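Spelled out from the first residue to the last, the chains are:
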Amino acid sequence: MNFRKILLCEAALSLLLTANIVYAAGPFEVTIERDVTATMRDGVVLRADVYRPKADGQFPVLLQRTPYNKSSGVNFGIKAAARGFVAINQDVRGRYSSDGDWYTFQHESADGYDAVE
């Protein structure tokens, strides 16, 4: 990609993000679901906390997968949901509330894909 195309893409993305913030109806009340399960393709269960606006409609999703304890993202989750995002903080395989064995980067690609699906 040449520099001009990159600049144009960045400008378009900035415009979209800014428009979303400007037209957001928030701040929203927040609904929190703890330890929501997601089963990976090999049967291992991962757990996440889900923060969502307490309102009807569709909202963009922010997915954070972490080996450092999903509970450390509480402030981020609440702030994001209050601003019109669904925030999902998921413990990676073998860490904190998720099942399985943790091996650095061994399952991240497949588990990340499965979490999105």
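Look a little higher up for the structure.
Here's what I pulled together on the structure shown here. Along each chain, the written sequence defines residue order, and numbers are assigned to residues from 1. This being a predicted model, a pLDDT of at least 70 is required before a residue's local features are given, and a value of 80 or more before pairs of side-chain atoms are given or counted; all residues contribute to the totals for chains, interfaces and linings. Remark: hydrogens and water are excluded; side-chain values derive from all non-hydrogen atoms of the structure.

### Focus on the packing of aromatic side chains
Moving on, step 1. Centres within 6.5 Å are what make two rings of Phe, Tyr or Trp a pair, Trp counting through its six-membered ring; a difference in plane orientation under 30 degrees is then read as stacked, over 60 as edge-to-face, and the rest as tilted. One pass over the structure, following the stated rule, counts 1 aromatic pair.
Moving on, step 2. For the ring pair Phe28 and Phe59, a centre distance of 5.6 Å and an interplane angle of 80 degrees mean the geometry is edge-to-face. On the criterion of sequence distance, the pair formed by Phe28 in the loop between α1 (3-22) and β1 (30-39) and Phe59 in the loop between β2 (45-53) and β3 (61-66) is long-range, its members being 31 residues apart.
Moving on, step 3. Each residue is assigned to one of three classes by its accessible area relative to the maximum for its type, calculated with a 1.4 Å probe on protein chains only: buried under 20%, partly exposed between the two thresholds, exposed over 50%. Assessed through its relative accessible area of 21%, Phe59 is described here as partly exposed.
Moving on, step 4. A cation over a ring is seen here: Arg95 above Trp102, with NZ or CZ 4.6 Å from the ring centre. A run of H or I in DSSP becomes a helix once it reaches four residues, and a run of E becomes a strand once it reaches two; helices and strands are each numbered from the N terminus. Whether a charge sits over a ring depends on NZ of Lys or CZ of Arg being within 6 Å of the ring centre and within 35 degrees of the ring normal.

### With respect to the sheet that holds β1
Moving on, step 1. Strands were regarded as paired on the criterion that DSSP finds at least two bridges between them. Across the sheet, 4 strands lie side by side as β1-β2-β4-β3; this open sheet has mixed pairing. With one partner strand each, in any of the chains shown, β1 and β3 form the two edges of the open sheet. The mean inter-strand angle of the sheet, taken between neighbouring strand axes irrespective of direction, is 20 degrees.
Moving on, step 2. In this structure, β1 lies alongside β2, joined through 8 bridges in antiparallel fashion. When the sheet's bridge partners are listed, Val30 is paired in β2 with Pro53.
Moving on, step 3. Whether two residues are in contact is decided by their heavy atoms: any pair within 4.5 Å suffices. Whenever a helix is involved, its axis is fitted only over the stretch in contact; in every case the axis is a line through C-alpha atoms, and angles between N-to-C directions fall within 0 to 180 degrees. Those strands touched by helix α2 (residues 74-82) are β1, β2, β3 and β4 (86-91), and its axis lies near 40 degrees from that of β2.
Moving on, step 4. Sitting on the sheet, helix α3 (residues 108-116) touches β2, β3 and β4, and the angle it makes with β3 is about 150 degrees.

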